[in-house]
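Report on the structure
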Amino acid sequence: MQIDKILYPEIKSYNEFKLKVSNLHTLHVEESGNRNGKPVIFLHGGPGGGIEPIYRRYFNPEKWRIIIFDQRGCGQSIPHAELKENTTWDLVEDIEKIREYLKIDKWVVFGGSWGSTLAMTYGITYPQVCKGLILRGIFMLRKKEINWFYQEGASYIFPDEWEKYLEPIPKEEHHNLLSAYYKRLTSNDSLIRYKAANSWSFWEASTSKLIQNNKSLHHFSDQKIAEAFARIECHYFINNGFFETDAWILENIKGISKIPIAIIHGRYDIVCPIKSAWELHKEIPEASFHIIQDAGHSMTEYGIAQKLIEYTNKYSRL
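Attention here is on the structure that accompanies the text. Quick caveat, the model's predicted, so the values are computed rather than measured.

What counts as what
- Residues numbered from 1 in each chain as written.
- Predicted model: local features only at pLDDT ≥ 70, side-chain atom pairs only at ≥ 80, totals over all residues.
- Heavy atoms only, no water.
- Helix = DSSP H or I, 4+ residues; strand = E, 2+ residues; numbered from the N terminus.
- Rg over C-alpha atoms; globule rule 2.2 N^0.38 Å.
- Buried < 20%, exposed > 50% of the residue type's maximum accessible area, 1.4 Å probe, protein only.
- Pairing = 2+ DSSP bridges.
- Core = buried A, V, L, I, M, F, W, Y, C linked by side-chain atoms within 4.5 Å.
- Contact = heavy atoms within 4.5 Å.
- Axes fitted to C-alpha atoms, helices over the stretch in contact; angles between N-to-C directions.
- Arc of directions from axis to C-beta.
- Phe/Tyr/Trp six-rings, centres within 6.5 Å; stacked < 30°, edge-to-face > 60°.
- Lys NZ or Arg CZ within 6 Å of the ring centre and 35° of its normal.
- Parallel < 35°, antiparallel > 145°, perpendicular 65-115°, else oblique.
- Left-handed = near helix turned anticlockwise from the far one by under 90°.
- Nonpolar A, V, L, I, M, F, W, Y, C, P; charged D, E, K, R; others polar.
- Salt bridge = Lys/Arg side-chain N within 4 Å of Asp/Glu carboxyl O.

1. Details of the overall build of the protein
When helices and strands are counted, the protein shows 10 helices and eight strands. Taking 20 Å as the expected radius of gyration for a compact globule of 318 residues, we find that the protein reaches 18 Å, a close match to that expectation. In terms of overall dimensions, the protein has a C-alpha envelope of 55 × 45 × 40 Å along the principal axes. Counting all 318 residues of the protein, 60% fall into the buried class.

Encoded structure:
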């Protein structure tokens, strides 16, 4: 089934601007939809994924004031692929700076995959400005989640793609693939960085859907996109998301359980296994919880897209 049939029509931004958030970093921000509509901030995945035009199409443009932005180091934000001053907490403060700059009182926060991590962290930090959270493909950046996808677990389901992921890494370093990749993604040799970035990025792209195809949300054949995605992801993962504890989100999520929250997760999500969504659901049973039975990780799978749009329509009335 084609998701074009259920997504809203393509629209262009009515406002694009650069927002300097530190002496080093400047963000690229876009607004689209209804200037007087309900504000929603879209948090992209990765970290390091950058924004895509399709993100606007999950929101009714007559009802929503849609705000999307490239997080530090990716997309049109500068400096490109920069790891300095690039932590979860920097991004949380960036979101708040965007809200203040746009003079928004409260807004809905929408995030999938890493975007769900960031949305929950922002909500816990600034609950008073969140009207609701729409979360897809739950990821809480715990060690077991990282190990599953980058060390052992997902490799049993996609052994063919796993072989390609291993190609840049010699066998003697296979015991700690995250560290091995980090060494190469931060190398001074651009060819080493590019080779590692390609393998890292295509591993995720090749495992993100229940029925795999050659269409990826991000254009990883573009070296610039692949490098930002892989470098920044690996930087966050090797630093445990910069959280004080491994289960920081679960330990703090009850504090926002009274905020309307929707949790949407594909049954066959290999990138972010459904157990994390289930554990989140058990911690905050007040939240709406939906398992999409015929989907994996991607927001472009029909069942996931359909449920996301159901909730963007519902939350436009908050």
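2. Thoughts on the pairing of strand β5 (residues 107–112)
With six of six residues buried, β5 lies mostly within the body of the structure. Of the two faces of β5, the one lined by W107, V109 and G111 and the one lined by V108, F110 and G112 are each fully buried. Where strand β3 (residues 38–43) lies against β5, four bridges are found, and the strand directions are parallel. Within β5, the position partnered with V40 by the bridge is V108. Here β5 pairs with strand β6 (residues 130–136) via six bridges, running parallel.

3. Focus: the nonpolar core
Counting 81 residues, the largest nonpolar core has W107, W200 and L280 as the members making the most contacts within it. If we ignore the near neighbours within four places in the chain, the residues touching L280 are M120, L135, I138, M140, L250, I253 and I263. Membership of the second largest hydrophobic core comes to 26 residues, among which are I3, F59, A262 and I304.

4. A short note on the sheet that holds β5
Pairing is mixed in the open sheet, where eight strands are placed in the order β1-β2-β4-β3-β5-β6-β7-β8. Both outer strands of the open sheet, β1 (15–20) and β8 (288–292), are each paired with one neighbouring strand and no more. In this sheet, adjacent strand axes meet at a mean angle of 20° when their direction is disregarded. Bridge count between β3 and strand β4 (residues 64–70): five bridges; the pairing is parallel. Looking across to β4, one finds that P39 is bridged to R65. Across the sheet, helix α1 (residues 88–101) lies against β1, β2 (26–33), β3, β4 and β5, angled at about 125° from β1, the strand it touches most. Sheet contacts for helix α10 (residues 302–315): β4, β5, β6, β7 (261–266) and β8; angle to β6, the most-contacted strand, approximately 175°.

5. Examining helix α3 (residues 143–150)
Inspection of α3 places E145, I146, F149 and Y150 among the buried residues, and these make up the whole buried set. Each buried residue of α3 sits inside an arc of 105° when the element is viewed along its axis, so together they form one side. Considering only its buried residues, α3 is in contact with α4 (159–166), α5 (177–185), α6 (190–205), α7 (223–238) and α9 (274–283).

6. Description of the packing of aromatic side chains
For the structure on display, the rule yields 28 aromatic pairs. Ring-pair connections join several aromatic residues into one group, and the members of that group are F139, F149, Y150, W162, Y165, Y181, W200, W203 and F237. Stacked on the ring of Y194, the Lys or Arg R193 has its end atom at 5.9 Å from the ring centre.

7. Focus on the packing of α1 against helix α2 (residues 114–125)
Running from amino to carboxyl end, α1 crosses α2 at an angle of 70°, the nearest separation of the two axes being 10 Å. Viewed along their axes, α1 and α2 adopt a mutual orientation that is roughly perpendicular. The handedness of the crossing between α1 and α2 is right-handed. Taking contact as the criterion, the partners of T88, W89, L91, V92, I95, E96 and R99 in α1 are, on α2, W114, L118, T121, Y122 and T125.

8. Focus: the packing of α5 against α6
One can describe the packing of α5 onto α6 by two numbers: an axis separation of 8 Å at closest approach and a directional angle of 135°. Relative to α6, α5 is oriented oblique. Packed against α5, whose contacting residues are L178, Y181, R184 and L185, the element α6 presents I192, R193, A196, A197, S199 and W200 at the interface. Along the lines of polarity and charge, the residues of the contact of α5 with α6 split into seven nonpolar, one polar and two charged.

9. Thoughts on the pattern of salt bridges
One pass over the full model with this rule turns up 13 salt bridges. Between E30 and R56 there is a salt bridge, and its shortest N-O distance comes to 2.5 Å. Residue E30 is located in strand β2, and its partner R56 is located in the loop between β3 and β4; the two are separated by 26 residues in the primary sequence. Across the pair, exposure class does not vary: E30 and R56 are buried alike. The salt bridge involving R142 is made with E279; its shortest N-O contact spans 2.7 Å. With R142 in the loop between β6 and α3 and E279 in helix α9, this residue pair connects regions lying 137 residues apart in the sequence. E279 carries the same exposure label as R142, and that label is buried. Residues joined by salt bridges that share partners form a network here, namely R142, K144, E145 and E279.

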